[in-house]
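Architecture and fold: a report
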Amino acid sequence: MEKTIFNGLYCRSTVRIAVAILLFMLCGISISLQAQPVLNAQNTALGGGGTAYLSGNGALFWNPANLAINDRHGTIHINMGETGILYEPVLSSDVAGDQFLNFTDSYFPYKPDAVDITPTQRQTILDKNYPRKRLVSQHQTRTDIMLGGISWYRGDETFSLAARARYSSRIKVGKGWYSDAYVQQNNQEVRDFTLNQHISKNLEIALGYGREFTFFEGLFARLSKLYVGVSPKFIIAGPSFSATHYGQQQRSDDRSHNQYVTGFSYQSSGEYSQMTQSYLSSGNPQTAINNNLNKRFDFEPTGYGTAFDFGLTYLIPIGGELNIIENEPQKSVAGKSLRIAISFNDIGVIRYTKQPLSFSAAEDTLQIGREYPKQSMFIGSGGQYLTYFEEASEVDNPFDRAQNPNENAFSVPTPASLNGGIMLDLERIKLMGDLTVGLNNTALTDTKLAMHLGMEVRPIKQIPLRMGTRLAAGLPAHVGVGTGYESRYWDFNIGTQIIFRSHTLTTELVGGAFAGLQLHL
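What comes next is a walk through the structure. Per-chain numbering applies: the sequence of each chain, read as written, is numbered from 1 onward. Local features are withheld for residues below a pLDDT of 70 in this predicted model, meaning they are given only at 70 or higher, and side-chain atom pairs are given and counted only at 80 or more; totals for whole chains, interfaces and linings count all residues. Working from all heavy atoms in the structure, the side-chain values ignore hydrogens and water.

1. A short note on the overall build of the chain
Applied cut-off: Numbering of helices and strands runs from the N terminus, with a helix taken as a DSSP run of H or I at least four residues long and a strand as a DSSP run of E at least two residues long. Residue burial is assigned from relative accessible area. The probe radius is 1.4 Å, only protein chains are included, and a residue is buried under 20% of its type maximum, exposed over 50%, and partly exposed in between.
Looking only at helices and strands, the chain features 7 helices and 23 strands. Expressed as a percentage of the 521 residues in the chain, the buried residues total 56%.

As structure tokens, this is what we get:
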């Protein structure tokens with residue numbers, strides 16, 4: 001009887017701790033675009049989180065400490081062909097096929113007829129992407145492909161090897177390109193012409209090592225475990241593009257003072273450098289695009305880099321000892337528990353050496369006339385960045401002011417992020433919450449905080465039902481759903497995400513992922 005009472009009290013205390021941590025995380029939410037280290041079927045369905053949840057080869061690129069948590073039967077785990085897509089469109093379609101074509105338009109070289117918009121469509125863009133006094137909208141196109149991975153459990157240690165390919169384009173577009181209305185900011189009116197784009201194409205090969213440490217005494221009265229993991233990786237970098245344009249037309253309330261403040265920086269490698277140099281010499285952006293970019297999915301190495309991931313996960317059992325049989329690893333499966341985890345991802349640098357190009361235009365204050373709203377939208381397709389300024393009538397073209405193009409090799413930080421998460425695992429029900437924040441601005445990360453909340457329910461043990469959301473003040477909520485089939489020896493999972501816009505009561509399909517063959521031996 002005493003043991004039963006104690007276990008009940010212990011379980012209730014653990015749940016209270018989990019709820020308290022979730023509430024603390026909820027209070028820290030802010031404007032964000034997710035800095036998501038992994039894009040796969042499970043966390044797509046769960047709203048983008050996974051610091052405490054993801055295990056197996058997926059943990060290799062998010063929280064390598066979870067490699068050592070053997071929550072599936074078997075000592076060898078293999079997966080291949082896992083693919084995830086995230087697409088946050090400027091102008092969406094409610095037809096899945098059309099939405100996929102929109103995604104490919106943002107990836108392929110620029111085509112004028114793919115971005116033309118009517119006045120009605122321009123107003124839709126303003127209503128959806130610039131509610132209230134927002135000056136800048138932010139959008140991401142991303143693909144992750146797990147080419148293959150294997151994990152091997154040996155006692156308290158786990159070893160892992162995996163390779164993945166990643167593509168990402170992230171854009172920021174000022175409201176001033178679509179509207180000639182000024183927005184009140186403090187003691188002045190502002191029309192914003194921000195135009196930023198970051199593109200990266202990388203192939204990563206990672207090694208992982210995880211180890212568990214057991215604690216018999218401490219904060220909790222049960223046996224608990226600390227998992228520590230590290231994952232060094234080698235990066236083969238493909239063509240890259242990074243352009244940051246700051247531009248604001250500012251005027252005083254009484255309109256006696258009117259000025260345009262601008263600044264610009266640029267870095268690229270490979271085919272994007274060839275395209276830009278062709279444009280600088282010819283002045284014709286479409287010719288430069290046609291001669292240097294194509295639709296082929298070629299991967300041209302332009303640089304190399306190294307990075308590492310580090311993670312810690314503290315696992316506290318609920319109601320009893322961990323169900324781990326050290327001498328029979330095929331039965332070693334973690335039971336009910338509370339997991340608290342933290343990870344640092346992609347701490348490293350990439351060196352671009354093939355056709356590097358960089359230049360900048362110093363911040364300046366100019367006088368410009370009225371720039372009429374665009375008849376096209378900026379989606380970030382290959383080379384469109386050049387045409388957007390070329391087609392402007394009054395906004396200064398920063399490429400005309402570029403000083404002394406530099407063709408020396410340059411280095412950039414990898415898309416580093418900091419992630420924290422908890423998961424309450426009740427076997428048939430899992431509740432989880434994550435905070436993720438990018439440590440730099442790249443094609444994959446943004447230096448704003450994001451929150452992800454998710455739940456997994458198993459009405460049938462082999463069939464998980466997953467749902468979750470990404471919450472962010474000032475941005476539409478991402479809602480994810482997914483399912484799969486998980487047998488003793490193989491798995492298959494799928495997931496999808498939609499955007500829900502509360503101010504227009506509309507939904508848009510923005511992402512999907514599926515897991516290829518996963519084996520547990």
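We are not done yet, so read on.
2. Some words on the layout of surface pockets
Threshold: The method works on a 1 Å grid over the protein atoms by themselves. A cavity is a set of points holding a 1.4 Å probe that cannot get out, a pocket is an open set with protein on both sides within 12 Å along at least five of seven lines, and residues with an atom within 4 Å of a point line them. Grid points are joined across faces, edges and corners, and a volume is the space filled by probe spheres set on the points. Polar here means any residue outside two lists: the nonpolar Ala, Val, Leu, Ile, Met, Phe, Trp, Tyr, Cys and Pro, and the charged Asp, Glu, Lys and Arg; Gly therefore counts as polar.
Volume-wise, the largest pocket comes out at about 970 Å³. As for the largest pocket, its lining consists of 41 residues, and the residues nearest its centre are Asp71, Arg72, Lys430, Arg458 and Glu486. When residues of the lining of the largest pocket are traced back to their parent elements, those giving at least two are strand 1 (76–79), strand 18 (449–460), strand 21 (490–501) and strand 23 (518–520). Here the residues of the lining of the largest pocket are counted per class, giving 7 nonpolar, 17 polar and 17 charged. Here the second largest pocket defines a volume of roughly 410 Å³. Around the second largest pocket sit 16 residues that line it, and Tyr107, Thr143, Ile145, Tyr167 and Phe297 are the ones nearest its centre.

3. Here's the deal with the nonpolar core
Nonpolar side chains in soluble globular proteins generally cluster together in the buried interior. The condition that has to hold: Throughout, nonpolar core names a set of buried Ala, Val, Leu, Ile, Met, Phe, Trp, Tyr and Cys residues whose side chains join them through atoms within 4.5 Å. In what follows, residue pairs with any heavy atoms lying within 4.5 Å of each other are defined as contacts.
Judged by nonpolar contacts, the single largest core of 42 residues is most densely connected at Trp177, Tyr178, Met377, Tyr385 and Phe399. No other element matches the 4 residues that helix 7 (residues 384–390) contributes to this core. Excluding anything up to four places from it in sequence, Tyr178 contacts Val90, Ile117, Arg122, Ile125, Leu126, Tyr130, Val173, Pro373, Ser376, Met377, Phe378 and Tyr388. Among the nonpolar cores identified, the runner-up in size contains 16 residues, and Ala59, Trp62, Ala162 and Ala206 belong to it.

4. Considerations on the pairing of strand 16 (residues 417–425)
Operational definition: Strand pairing is defined by DSSP finding a minimum of two bridges between the two strands.
Here strand 16 lies mainly inside the structure; 7 of its 9 residues are buried. Two strands pair when backbone bridges link them, and strand 12 (residues 337–352) and strand 16 are joined in this way by 9 bridges, in the antiparallel orientation. Each bridged residue has a counterpart across the sheet, and for Leu338 the counterpart in strand 16 is Leu424. In this sheet, strand 17 (residues 429–438) lies alongside strand 16 in antiparallel orientation, the contact comprising 9 bridges. When the sheet's bridge partners are listed, Gly421 is paired in strand 17 with Asp434. Where strand 16 folds back on strand 17, the antiparallel hairpin that results is connected by 3 residues, among which Glu427 adopts a positive phi of roughly 70°.

5. A few points about the environment of Pro119
For Pro119, the position within the fold is in helix 4 (residues 119–129). A sequence separation of 254 residues divides Pro119 from Pro373, and the C-alpha atoms of the two residues are 9.5 Å apart.

6. A word on the pairing of strand 10 (residues 258–268)
Counting buried positions along strand 10 yields 8 of 11 residues, so the element is predominantly enclosed. Direction of pairing for strand 10 relative to strand 13 (residues 357–366): antiparallel, over a ladder of 8 bridges. The residue of strand 13 that forms the bridge with Phe264 is Ala361.

7. Focus: a nonpolar patch on the surface
Our working rule: Here, patches come from residues exposed beyond 30% relative accessible area and free of salt bridges, joined within 9 Å for like charges and within 5 Å for nonpolar side chains (Val, Leu, Ile, Met, Phe, Trp, Tyr). Using a 1.4 Å probe, accessible areas were evaluated by the Shrake-Rupley method; residue-level cover was limited to the displayed protein chains. Between Lys or Arg on one side and Asp or Glu on the other, a salt bridge is scored when a side-chain nitrogen of the former is within 4 Å of a carboxyl oxygen of the latter.
On the surface, Met80, Tyr485, Tyr489, Trp490, Phe492, Ile494, Phe514, Leu517 and Leu521 cluster together into a nonpolar patch covering about 870 Å² of accessible area. The element contributing the most residues to the nonpolar patch is strand 21, with 3 residues.

8. Topic: the packing of aromatic side chains
This is how the line gets drawn: Each aromatic pair joins two rings of Phe, Tyr and Trp (for Trp, the six-membered one) with centres within 6.5 Å, and gets the label stacked for planes under 30 degrees apart, edge-to-face for over 60, and tilted for any other angle. Cation placement over rings: the criterion is NZ of Lys or CZ of Arg within 6 Å of the ring centroid and within 35° of the ring normal.
Counted by the stated rule, this structure contains 27 aromatic pairs. Between Tyr485 and Trp490, the aromatic rings sit 5.4 Å apart at their centres with planes inclined by 45°, giving tilted as the arrangement. The class of Tyr485 is partly exposed, set by a relative accessible area of 36%. Sitting above the plane of the Phe108 ring, Lys295 keeps its charged end 5.1 Å from the centroid.

9. What to know about unusual backbone geometry
Positive phi outside glycine occurs at Asn186, with the angle close to 55°. In this structure, Asn186 sits in the loop between strand 5 (183–185) and strand 6 (188–192).

10. Concerning the environment of Asn187
Residue position: Asn187 is located in the loop between strand 5 and strand 6. Distance from Asn187 to Asp253, taken between C-alpha atoms, is 6.6 Å for residues 66 residues apart in sequence.

11. Here we look at the packing of helix 5 (residues 271–282) against helix 6 (residues 285–292)
Condition: The axes are straight lines fitted to the C-alpha atoms, using for helices just the contacting stretch, and the angles between their N-to-C directions are given from 0 to 180°. If you view the pair so one helix is near and one far, a crossing is left-handed when the near helix is turned anticlockwise from the far one by less than a right angle, and right-handed when it is turned clockwise.
Axis separation between helix 5 and helix 6 bottoms out at 8 Å; the angle between their running directions is 145°. Seen from above, helix 5 lies across helix 6 with right-handed handedness. Counted together, Glu271, Gln274, Met275, Ser278 and Tyr279 of helix 5 and Pro285, Ala288, Ile289 and Asn292 of helix 6 form the full contact between these two elements. Of the residues belonging to the contact of helix 5 with helix 6, the class tally is 5 nonpolar, 3 polar and 1 charged.

12. Some words on the side chain of Arg401
The condition that has to hold: Throughout this description, a polar contact denotes any pair of N or O atoms lying within 3.5 Å of each other; where both atoms belong to protein, one of them has to be capable of donating a hydrogen while the other can accept it, and for residues adjacent in sequence the pair is counted only when both atoms sit in side chains.
Structurally, the position occupied by Arg401 is in the loop between helix 7 and strand 14 (403–406). Within polar-contact distance, the side chain of Arg401 engages the side chain of Asp396 at 2.6 Å. With residues near it in sequence (within four places) discarded, Arg401 still touches Thr262, Ser360, Ala361, Ala362, Asp364 and Asp396.

13. Quick look at the side chain of Asp396
For Asp396, the position within the fold is in the loop between helix 7 and strand 14. When near neighbours in sequence (up to four residues on either side) are disregarded, Asp396 contacts Tyr260, Leu366, Phe389 and Arg401.

14. Notes on helix 6
Definition in use: Directions drawn from the helix axis to the C-beta atoms are what define this arc.
Turning to helix 6, its buried residues number three or more, namely Pro285, Ala288, Ile289 and Asn292. All buried residues of helix 6 lie within an arc of 100° about the axis, which places them on one face of the element. Exposed and facing more than 90 degrees away from the buried side of helix 6 are Asn290 and Asn291. Where helix 6 is buried, its residues meet helix 5 and helix 7. Measuring from the backbone nitrogen of Gln286 back to the side-chain oxygen at the start of helix 6 gives 3.2 Å, which picks out Asn284 as the cap.

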